[in-house]
Structures are given as structure tokens and as C-alpha cells.
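One letter stands for each residue in the lines below.
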Amino acid sequence: MSNKKVAPGAPGIPARWTSSAKSGIGTSIDAASEVSFTLSHGIVNEVYFPREDSACTRDMGLIVTDGKGFFFEEKRHAKHKVDVVEDGVPAYILTNTCQEGRYRIVKDIVTDPLRDTLVQRVRFEALQGKKGDYRLYVLLAPHLGNRGAENNAWLGDYKGTPMLYAQRDSLCLALACSVDWKKRSVGYVGESDGWKDLHRHKLMTWEYETAPDGNVALTAEIDLEQVEEDFMLVVGFGRNPTEAGHRAYASITDGFEALQQRYVKEWHDWQEPLVPLSSSEEQVGELFRVSAAVLRMHESKRFPGAMIASMSIPWGFSKGDDDIGGYHLVWPRDLVESSGGLIALGANEMAARVLKYLLITQEHDGHWSQNTWLEGIPYWTGIQLDQVALPILLIELCRCHESLAPEATHHYWKMVKGAVAFIVKNGPGTKQDRWEEEAGWTPFTLAAEIAALVGAADFAEEHGEKEMAEYCRQTADIWNDSIERWTYVTDTPLARKVGVEGYYIRINQSGLPASELEGKYVELNNKKDGQKDILATELVSVDALALVRFGLRAADDPKILNTIKVIDEVLKVDLPTGPCWHRYNHDGYGEHEDGSPFDGTGIGRPWPLLTGERAHYEIAAGNFGEAVKLMQTMESFANHGMLPEQVWDAEDIPERELYLGKFTGSAMPLVWAHSEYIKLCCSIKEKKVFDMPMPAFNRFVKKKTKSKWVAWRFDQRIDKLPKGKVLRIETTAPATVHWSRDDWKTQQTIDTRDTKLGIYVADLPVEKMKKGKIDFTFFWPESQNWEGRDFFVEIV
């Protein structure tokens, strides 16, 4: 190794990722191939191996020169056209035509279903002059194991076939070609890499043999004189150079036609039995098949049932090695929401795998981490109770649509019981009860928790736990009755401006009733420098629609209608193809005003996902024509079928590729958005909300169930009790409650009862008191101690 020509300039410039504006993603169905790839700007971007949370390349593209005068990079200097060989089959045909009309490059791209290789068939066409007037080069930037730094590159061969290699730790790739290389080199990015050489000299003058421990690039010239019609470029992956080289050479010997046929057939066979979307009235779902494929491709082959949030890195071109997390992770919220799309597709086996994955990754105390790597290792340590509630609703959805065998449900009772225990011990509105990073009462989390408790009650009853079932329903009733007290404000400046009586706010962090929030502020995340926190009564979110989606409020409830007026006043954006909505006002997750990338602060942009959610509200309200229009608007936001996380809502900034109503630098594709789209197609076809939890809807909308209890807890104390209600005391340990209704002149005692969910309950029968004060304290039998202080609640 010491005799080889070492590239200068180690370790190269700091590594960066690339654009998140994906125009396609692909992988084979067969688990024998663990390679996935992404496309953007006419070239391959991140390639993932051996799992979907491990990116191994930054990008791989072609450069064209004439050896003396011009330099063309296909991702920057060509017009790009993206096609697929069949609807819903992620086998791509990329056509890159030189902006000056000199050449055309056509690339067919798939993975080998039998091996860990990415395969491209390339055809180079001279549109001006002849093929011999041009020189063609391939440039590949390895970022093995999610890191651009610490990669090693060298020239080598497999059994005499010349290749270019890169390795970091136990991950290795080999770049091979079906025709001979004319020249090869490795170097450090920004210092001695092939791009710099070609840009400067218009031909390869550097031929370095090794570039250890840095941000490296592989460059090679294809011998166009040997190419009759087309040639193959193959990237093989393995645990060592021999394994990677073996796989690359094996794919070449099989030939492109054979492996493409296998790849396409697998995808065709997977798509064929899925739910047909044709309707007797109309055809809906332009993106239905590609959305189905997006869901399937984001499932892990090594960890069945795990689905990452997106095979992209938001604003990747500005992100380095330490910014890979977030979207290459499993979020229980996104996973469940995406799984609803699987059930809508009729992909029941895949949905069952998701449930099994949730069962396996549930923590011992019943919760799921905010997000995890595929094997279940937590990445962020926050706990969000909607992500504990949603898996319960997924089981209920599976049961409702008969996509889970009845005999399998008993396997999930322990999971449901653990999740319910965590919810009732930590919700609602406690420090553990978070939406994104903020703790407090939020309509979305409350809706998920309450609907989950009602669904879990049916599950508990089926398993002989009648008392537990009743407690779940009663707790759901108590919390449901409190939603307005916690999150609905009235007679605010915003309400008066819009002309409504009141509206649901995004979050109540104070622990006070909503009526007492005047002058209280919300601590905003992702604030711009100098930005102040916002009054709690002014922070509005689309999350209130979850109260309808989860079956707690009717679509025509006056408070919902009031809130929609406020949402549309504050959050709605009319774009060229239709409306879209911001998540909430003062959202800081998005590009800055000048279009520069999100860097921890920014301005939140509209989310196509929310156009789908609004369409679902319109279906709940019976406005099916409006839902169809919104579905078509959602389709218009896609980039070659890929739905983005956010779209741009300001004047065009062409130099940053930001155009009104088109994708931003955020995640694309967003799996949750594709699932929402699939569910929307099915909801339109069936003329009802596909994933509405019917037990909650029947209880709270149809029957209008009200609670006869109001709960008091140490972490959620109340000092007022409406007359006619039973005072429920809840503790996390057995207790004897000593209480009095006459200022301790007399007293009564009651022992708490065990709900078997980590909560102990005592109901004080004070519903017949019209006024007065109830005093109480506690004796703790396990420690044989008194609480040492009194508490009171006043009947009002």
C-alpha cells in the first residue's frame, strides 16, 4: 500500500449530504437484496445498505466533457425526465438532455433482486457531432454507514476485473462497469477529487490509487469506444471488498434485462392483489399505486414491520455527518398513521408485521420511545402520549376491517394493557404528555388518548377484565368532558377579529382552565433570534380537526365550525392548485424568509398532508365533492409522484429551487403523507372516513355520553367541582381517603380500589351536595404514613 499513489488534500472538505427533493426511490421486494436507492436531479442520491436507516452514498452521477473546452454535469446542466416502466413499479428510466442540446443520457435503474447491488443501464447519445467527440465519467461520493468522514477509497479488482472501492468499518462498496475503464482515480472531496480535476482540466489528469480516512470520491472514465449501444454501471455492497466486488461482477454477468425482469415481476405481483380503486362513479387516485410502493419501500427488510419516516435528509445539502437522524428513524406516530394506509390498500400481511414490530419494541412500562433506530434503540428521549395511544387505535382499525385474524388478537392484549396503563398514569396534560416538544393539553393528543381508551375498553372486556374496561370508559368520559375546559378559549381578540365565539387552541401548558389563560404565554420551539413567545390564546393549530377524525366531536359541532373559521383565517394558504395549511402559526420548522435552509430556526410552511386531513374532515361533514377537489390539490404537490413534507408559500426563488406551491427542502417523500393520500382515496370511494374509531364515535357523537365523575390527582388538582358530579380521587398507590363535607366536624373514610393499571380510585359520593366544601387527606397503608396536609374542592 505504501507504494501506491496517495491522493493529496486529506481529509477533504467537511462532508455534506444532498437534496431531499427526491423524484423517485427504489428497492426490490426480495429480502435477498438489502439495497435501496433515491433519485434527484436526474441522478442517484443516497443508496442505503444494509438497512433503511444506513445511507452509504451521497450521490452518483455522470460528467461529460470534450477533453478541452466544456464541462457538463448531468445533475446541473441537463433537463431531467423521469419515467417508470409500469405504474407502481419503482424501476426508473431517467432521461437527461443537455441544456445546450449536445447529448442525451438515458439510464434504467433498479436493484438486483438476488444481490446487494444497484444497477444502472446507461445509453449515451451524441445529439451534436459524434460519440467520439465526447468523454464520459462517473463520479461517486461514498458516505458509508451514515458518514462522509472516515471513508477509505482505493483502486482494486475482483478476480482481475478492475473496480473502485470504498470502505468504512465493516461496510464496503465496489464500483464496476460492463466495459473497461479508460482511467480511474480516487481523491478527497474539494481537494483532489475527480470533479475538481475535470472541472479544471476538462479531462482526467489525476490518477490517484488510494485516499485513506477522509471525505472521498471515486471517479472513472468509461471507454465509449467499447460501447455499442449501452453499458452497465454497478455498485456492489458487502462486509468486505471481496464480497462487494463479487456481487458487482455477478450482476454484470447476469445482464440488465434478466435482473430488471425479476425486479419488475416482483413489484407487479405485489401490486396486483391490492385493493382496486375503480369506482362505479369515477376513477380516483392518480398517485394510488406509487403511494402504495412508497409505503412498501420504507419497510425494513432486516426488521420486518419497521418503517422509517422518509428515505431523505431534509435540507441535506446543508447537513453534515451529525444530522442524519430524524427521518431515518421509526416514529410510532408515523408508523401507525402509515399502517392505516396499508390496511386501506389491503396489504394485511404488512400491517400485521407492523403490529408485531410494535409489540416487540414497546418499553417495559408500556410506552414507545419518541423515535428509534430500526432495532428499537431510542434516538430522542422524549415521550409523546399520542404515540402510546395510536398503536391501540391501529389494532382497533385492524379488527374493524378484519385485517387481523381473531385468534391473533390475544397476543396484543398485553401490549394494549401496558399502553393503557402508561396513558392513565401519565395523561392528560402532564410533563410526560407532549405534542412535539411541548407538554400540556393538546386537542390531537387528547383525541388520540380518549379514543384509545374507549377502544381498549372493548379489548379488556373481551379478555374478562370488566372492571378495567369500565374504568377505561369512565376515564375517557372524564377527559372528553374536559376538552373544552382545557383547550377552548372564548372572547379573545382573535375570536372577535374572525367573528366567532371561541376556538380550540393548539396547546395549554399552564395547567389552568382555558378560561384563565389570558396573559399566559407558550414557549415556542425553533424560534428565530429575538422572537418572543406567543400568547397561549393566539396559538392556533389544525390539530382540532383530530377531535372529529377520532370520533369525539361531530363535524357540525358549533365549536368545531368556529375553530375551522379561525384555522382558515390564520393557517390556510391559497396556492395555484388549491389550498394548503400550516401546522400552526409561529411554526419555526421550515426555510427562512430568504429561502435559506432550516438550521434550527425558520418559518414553517404548508404541509400537503394537512390538505389530506382537511379532505377527511370534509368527508365527515358530507362534502364529498370538496374532498375530491382537495385530493386533486394534494396530487398537484407531488414531484414525479413523491409527496413532500412541505410546499413553498412565498414568491419564487429560482436560485434555491423554491417555487410557489412546489416542494421545499424538507423531507420528500414523506411516508405519512402517502398513507394519508391512500386513506383519502378509500374514504372518497366509500364515502366515509376510513380510519375513524367507531367505538369512540358511537359513544361521544351518536350517544353523546357524558361523565358523572370529575377526577382529582396530585399532578392535576382541581379546586372546583360542578354540582351533581361525583368526585373521583385517583392515586398511584393504595390509599385510605379521609374526607369531610362539614369542615371536619364529621368525617368518612373510603379505601381506594385497584384498577390494575397502576391507578387507585376512590369515588366520593357528593353528587347530591348543592354547595359547600369537601376536605380530604390521605393515609398510605403501604408506608403507614399520613399525607400530613389537607386538600379541598369547592362545589360550584
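Our structure's up above, just so we're on the same page.
What you are looking at is a predicted structure, and each value in this text was computed from that prediction instead of being measured.

**Examining the overall build of the chain**
1) Next: In terms of regular secondary structure, the chain is built from 18 helices and 37 strands.
2) Next: Taken against the 2.2 N^0.38 rule, which gives 28 Å for 796 residues, the C-alpha radius of gyration of the chain at 30 Å falls within 12% of a compact globule.
3) Next: Here the C-alpha coordinates of the chain stretch approximately 105 × 55 × 55 Å along the principal axes.
4) Next: A burial count over the chain gives 63% of its 796 residues as buried.
5) Next: Expressed as a percentage of contacts within the chain between residues at least 6 apart in sequence, the contacts between residues at least 24 apart total 68%.

**As for helix α16 (residues 624–636)**
1) Next: An ideal rise of 1.5 Å per residue puts 18 Å on 13 residues; α16 measures up with 19 Å between its terminal C-alpha atoms.
2) Next: Where α16 is concerned, the buried positions are Ala627, Val628, Leu630, Met631, Thr633, Met634 and Glu635.
3) Next: In this fold, the buried residues of α16 make contact with β27 (578–581), α15 (608–620) and α17 (671–686).

**Considerations on the packing of aromatic side chains**
1) Next: A full pass over the atoms with the stated rule returns 34 aromatic pairs.
2) Next: Relative to Tyr92, the ring of Phe37 has its centre 6.1 Å away and its plane inclined at 80°; by these criteria the two rings are edge-to-face. Remark: Tyr92 occurs in strand β7 (residues 89–98) and Phe37 occurs in strand β2 (residues 36–40); sequence separation between them is 55 residues.
3) Next: A residue is classified by how much of its surface remains accessible, and Phe37, at 0% relative accessible area, is buried.
4) Next: For the pair Phe714 and Phe791, a centre-to-centre distance of 5.5 Å together with 90° between the ring planes defines the contact as edge-to-face. Residue Phe714 is found in the loop between β28 (709–712) and β29 (720–721), and its partner Phe791 is found in strand β37 (residues 791–795); the two are separated by 77 residues along the sequence.
5) Next: By relative accessible area, Phe791 is classed as buried at 7%.
6) Next: What links up through ring pairs into an aromatic cluster is the set Trp712, Phe714, Phe776, Phe778, Trp780 and Phe791.

**What to know about the side chain of Asp112**
1) Next: Positionally, Asp112 belongs in the loop between β8 (103–111) and β9 (117–126).
2) Next: Classification of Asp112 as buried rests on a relative accessible area of 0%.
3) Next: Within polar-contact distance, the side chain of Asp112 engages the side chain of Arg115 at 2.8 Å.
4) Next: There is a polar contact of 2.7 Å between the side chain of Asp112 and the side chain of Ser251.
5) Next: Filtering out sequence-adjacent residues up to four positions away, Asp112 remains in contact with Ser28, Ser33, Thr117, Val119, Ser251, Leu259 and Arg262.

**Digging into the sheet that holds β8**
1) Next: Strands sit in the order β6-β7-β8-β9-β17-β13-β12-β11-β15 across an open sheet of 9 strands; the sheet is antiparallel. With one partner strand each, in any of the chains shown, β6 (78–86) and β15 (210–214) form the two edges of the open sheet. The sheet shows a mean angle of 20° between the axes of neighbouring strands, taken without regard to direction.
2) Next: Relative to β8, β7 runs antiparallel, the two sharing 6 bridges. Of the residues in β8, the one forming a bridge with Thr95 is Val106.
3) Next: In the packing of helix α3 (residues 241–254) onto the sheet, contacts are made with β9, β11 (151–158), β12 (161–168), β13 (171–177) and β17 (231–238), and the angle to β17 comes to roughly 150°.

**A short note on helix α7 (residues 348–361)**
1) Next: Look at α7: 20 Å from first C-alpha to last across 14 residues, which is about the 20 Å you get at 1.5 Å a residue.
2) Next: Of the positions making up α7, those classed as buried are Met350, Ala351, Val354, Leu355, Tyr357, Leu358 and Thr361. For α7, the buried positions fall inside an angular range of 160° around the axis, keeping them on one side. Residues of α7 that are exposed and angled more than 90 degrees away from the buried face: Glu349 and Ile360.
3) Next: Residues of α7 that are buried in the fold lie against α5 (288–297), α6 (332–345), β18 (371–372), α8 (386–400) and α9 (413–426).

**Focus: the sheet that holds strand β30 (residues 726–731)**
1) Next: The strand order across the open sheet formed by 4 strands is β28-β30-β34-β33, and the pairing between neighbours is mixed. If you trace the sheet from one side to the other, it starts and ends with β28 and β33 (753–754), each paired once.
2) Next: Contacting β28, β30, β33 and β34 (760–764), helix α11 (residues 466–487) crosses the sheet at an angle of about 115° to β30.

**A few points about the state of the cysteines**
1) Next: If you walk through the whole model with that rule in mind, you get 0 disulfides.
2) Next: Cys681 takes part in no disulfide bond, and the closest cysteine sulfur, belonging to Cys682, lies 6.7 Å away.
3) Next: For Cys681, a relative accessible area of 0% puts it in the buried group.

The rules behind these values
Residues numbered from 1 in each chain as written. Predicted model: local features only at pLDDT ≥ 70, side-chain atom pairs only at ≥ 80, totals over all residues. Heavy atoms only, no water. Helix = DSSP H or I, 4+ residues; strand = E, 2+ residues; numbered from the N terminus. Rg over C-alpha atoms; globule rule 2.2 N^0.38 Å. Buried < 20%, exposed > 50% of the residue type's maximum accessible area, 1.4 Å probe, protein only. Contact = heavy atoms within 4.5 Å. Expected span 1.5 Å × (residues − 1). Phe/Tyr/Trp six-rings, centres within 6.5 Å; stacked < 30°, edge-to-face > 60°. Polar contact = N/O pair within 3.5 Å; in protein donor to acceptor, adjacent residues only side chain to side chain. Pairing = 2+ DSSP bridges. Axes fitted to C-alpha atoms, helices over the stretch in contact; angles between N-to-C directions. Arc of directions from axis to C-beta. Disulfide = S-S within 2.5 Å.

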